[in-house]
Amino acid sequence: MKHFLTSFLFVVISLFGISGCATIKMGGVVVSVADIKPADPSPQGMMATLTIDYANENVVSIGISQGIHKLYLNDTYVGSSVNVDPIGLPQMATSKQSVPFHIEKADYVRKLAAGASNHAVPYRIVTHLRSYSGEDKVEFNTANTGMIDLSPLVSAK
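Description of the structure in this document. It should be emphasised that the depicted structure is a prediction, and the values quoted were computed from it without experimental measurement.

1. Some remarks on the overall build of the protein chain
Right, so step 1: A tally of helices and strands in the protein chain yields three helices and nine strands.
Right, so step 2: Across the 157 residues of the protein chain, 33% fall into the buried class.
Right, so step 3: At a minimum sequence separation of 6, the contacts of the protein chain that also span at least 24 residues come to 68%.
Right, so step 4: For the protein chain, the exposed area adds up to about 9500 Å²; of that, 59% sits on carbon and sulfur atoms.

2. Thoughts on the nonpolar core
Right, so step 1: If you look at the biggest cluster of nonpolar residues, it comprises 32 residues, and the most contacted ones within it are L71, L73 and L150.
Right, so step 2: Considering every element that reaches this core, the biggest residue donor is strand β2 (residues 46–56), with five residues.

3. Observations regarding the packing of aromatic side chains
Right, so step 1: Applying the stated criterion across every chain yields a total of one aromatic pair.
Right, so step 2: Pairing Y72 with Y77 gives two aromatic rings, centres 5.5 Å apart and planes at 65 degrees, and the pair type is edge-to-face.
Right, so step 3: Relative accessible area serves as the criterion here: at 23%, Y77 is assigned to the partly exposed category.
Right, so step 4: Positioned over the ring face of Y72 is R124, at 4.1 Å from the centre of the ring.

4. Focus: the sheet that holds strand β7 (residues 93–103)
Right, so step 1: Judged by pairing direction, the sheet is antiparallel, and its seven strands sit side by side in the order β1-β2-β7-β5-β4-β8-β9 without closing on themselves. Two strands close off the open sheet at either side, each with one partner strand: β1 (29–38) and β9 (136–149). Going across the sheet, the axis of each strand differs from the next one's by a mean of 25 degrees, ignoring polarity.
Right, so step 2: With 14 bridges connecting them, strand β8 (residues 120–133) and β9 associate as antiparallel partners. By the bridge assignment, S133 is partnered in β9 with D136.

5. Observations concerning helix α2 (residues 106–115)
Right, so step 1: Looking only at α2, the buried set comprises A106, V109, L112 and A113. Looking down the long axis of α2, one finds its buried residues gathered within 130 degrees of arc, a one-sided arrangement. Turned more than 90 degrees away from the buried face of α2 sit D107, K111, A114 and G115, all of them exposed.
Right, so step 2: Summarising the contacts, the buried residues of α2 are in contact with β2, β4 (66–73), β5 (76–83), β7, β8 and α3 (151–154).

6. What to know about unusual backbone geometry
Right, so step 1: For N74, which is not glycine, the phi dihedral falls at a positive 50 degrees.
Right, so step 2: Mapped onto the elements of the fold, N74 is located in the loop between β4 and β5.
Right, so step 3: With relative accessibility at 36%, the residue N74 sits in the partly exposed group.

7. So, the environment of P90
Right, so step 1: Structurally, P90 can be placed in the loop between β6 (87–89) and β7.
Right, so step 2: Given a relative accessible area of 37%, P90 falls into the partly exposed group.
Right, so step 3: Separated by 35 residues in the primary sequence, P90 and A55 place their C-alpha atoms 9.0 Å from one another.
Right, so step 4: Residues contacting P90, with those up to four places away along its chain left out, are N56, S61 and S95.

8. Some words on the environment of V154
Right, so step 1: If you trace the backbone, V154 turns up in helix α3.
Right, so step 2: We classify V154 as partly exposed; its relative accessible area is 34%.
Right, so step 3: Expressed as a C-alpha distance, the spacing of V154 and R110, which sit 44 residues apart in the sequence, is 5.6 Å.
Right, so step 4: Discounting residues that sit within four places of it in the chain, V154 has contacts with A113, A114 and H119.

What counts and how
Residues numbered from 1 in each chain as written. Predicted model: local features only at pLDDT ≥ 70, side-chain atom pairs only at ≥ 80, totals over all residues. Heavy atoms only, no water. Helix = DSSP H or I, 4+ residues; strand = E, 2+ residues; numbered from the N terminus. Buried < 20%, exposed > 50% of the residue type's maximum accessible area, 1.4 Å probe, protein only. Contact = heavy atoms within 4.5 Å. Areas by Shrake-Rupley, 256 points an atom, 1.4 Å probe, with all protein chains shown as cover. Core = buried A, V, L, I, M, F, W, Y, C linked by side-chain atoms within 4.5 Å. Phe/Tyr/Trp six-rings, centres within 6.5 Å; stacked < 30°, edge-to-face > 60°. Lys NZ or Arg CZ within 6 Å of the ring centre and 35° of its normal. Pairing = 2+ DSSP bridges. Axes fitted to C-alpha atoms, helices over the stretch in contact; angles between N-to-C directions. Arc of directions from axis to C-beta.

Have a look at this one:
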């Protein structure tokens, strides 16, 4: 009987050890820029508001706690946004969020906007997303390209 009890406890403890805590590898979130609008200037320089589209391709909902976005226009880095406003991304759906954006190369952006036909230029957005659930933290990177209309920034100071 003692051998049976010892064997039984060993099997139970082993099963707990094997099952452990399952971590889900998140990914499949596509981030794109819907539009850009001028915002009030700040001491740091020219500010804008980016409308970000998130497309969650996962079969589970994701709560994003923080997003760090870096924007490149014509393959030139122009600025970034660190957004700490949380957003919930429903499973296999899209969501929009407006984020403050610091334009570090304002003269370049104005020149690019004024010189582009239809004010549309190619962009690349590189995003680092963080999701917290209790003590668990999931981080992942995503990048996307597209075209963006800069006409709202042509007259912005």
